[in-house]
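# Tertiary structure, described
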Amino acid sequence: MITEIAQIDVKPGSEADFEAAIGQAQTIFKRCKGWKSFELHRSIEKPSRYRLLIKWETLENHVVDFRESANFTEWRALVGPHFASPPEVEHTNTVTTF
């Protein structure tokens, strides 16, 4: 299992609209191959900055199955208008859990 971590800076003043769009997006992710879970975290120090953590079965489930699908197009149409800049995305493997 891998975790996709996306740092997303939204346009100041659009935080509530972005969070509402994220809420609507849950139906998109629930139908994606390999999708496991979804968390959205908002920065306290920088309230227009979010970190999205999505768990996928494999890296390919994200970068191929999702990114090359109509689900991705629908996702970006929903949340993209709120982005102040393109998200920074990286993938991690869990090394240890306590």
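To be clear, the structure that these remarks concern was listed above.
### Overview of helix α2 (residues 59-66)
For α2, every residue scored as buried is listed here: N61, H62 and F66. What you see down the axis of α2 is that its buried residues fit within an arc of 100°, all on one side. Here the buried face of α2 lies against β1 (2-9), α1 (15-30), β3 (49-56), α3 (70-79) and β4 (88-93).

### Some remarks on the layout of surface pockets
Approximately 170 Å³ is the volume found for the largest pocket. Those elements that provide at least two residues to the lining of the largest pocket are β1, β3, α2 and α3. Of the residues belonging to the lining of the largest pocket, the class tally is 11 nonpolar, 1 polar and 3 charged.

### Let's talk about the packing of aromatic side chains
One pair of aromatic rings is described through two measures. These are the centre distance and the angle between the planes. For the structure shown, the criterion picks out 9 aromatic pairs. Judged by centre distance (5.1 Å) and plane angle (35°), the ring pair of F29 and F66 falls under tilted. Residue F29 is found in helix α1, and its partner F66 is found in helix α2; the two are separated by 37 residues along the sequence. Residue class for F66 comes out buried when judged on its relative accessible area of 3%. Between F66 and F72, the aromatic rings sit 5.5 Å apart at their centres with planes inclined by 90°, giving edge-to-face as the arrangement. In terms of burial, F66 and F72 fall into one category: buried.

Rules used throughout
Residues numbered from 1 in each chain as written. Predicted model: local features only at pLDDT ≥ 70, side-chain atom pairs only at ≥ 80, totals over all residues. Heavy atoms only, no water. Buried < 20%, exposed > 50% of the residue type's maximum accessible area, 1.4 Å probe, protein only. Helix = DSSP H or I, 4+ residues; strand = E, 2+ residues; numbered from the N terminus. Arc of directions from axis to C-beta. Contact = heavy atoms within 4.5 Å. 1 Å grid on protein atoms, 1.4 Å probe; cavity = no way out; pocket = protein on both sides within 12 Å on 5 of 7 lines; lining within 4 Å. Points joined across faces, edges and corners; volume = space filled by probe spheres on them. Nonpolar A, V, L, I, M, F, W, Y, C, P; charged D, E, K, R; others polar. Phe/Tyr/Trp six-rings, centres within 6.5 Å; stacked < 30°, edge-to-face > 60°.

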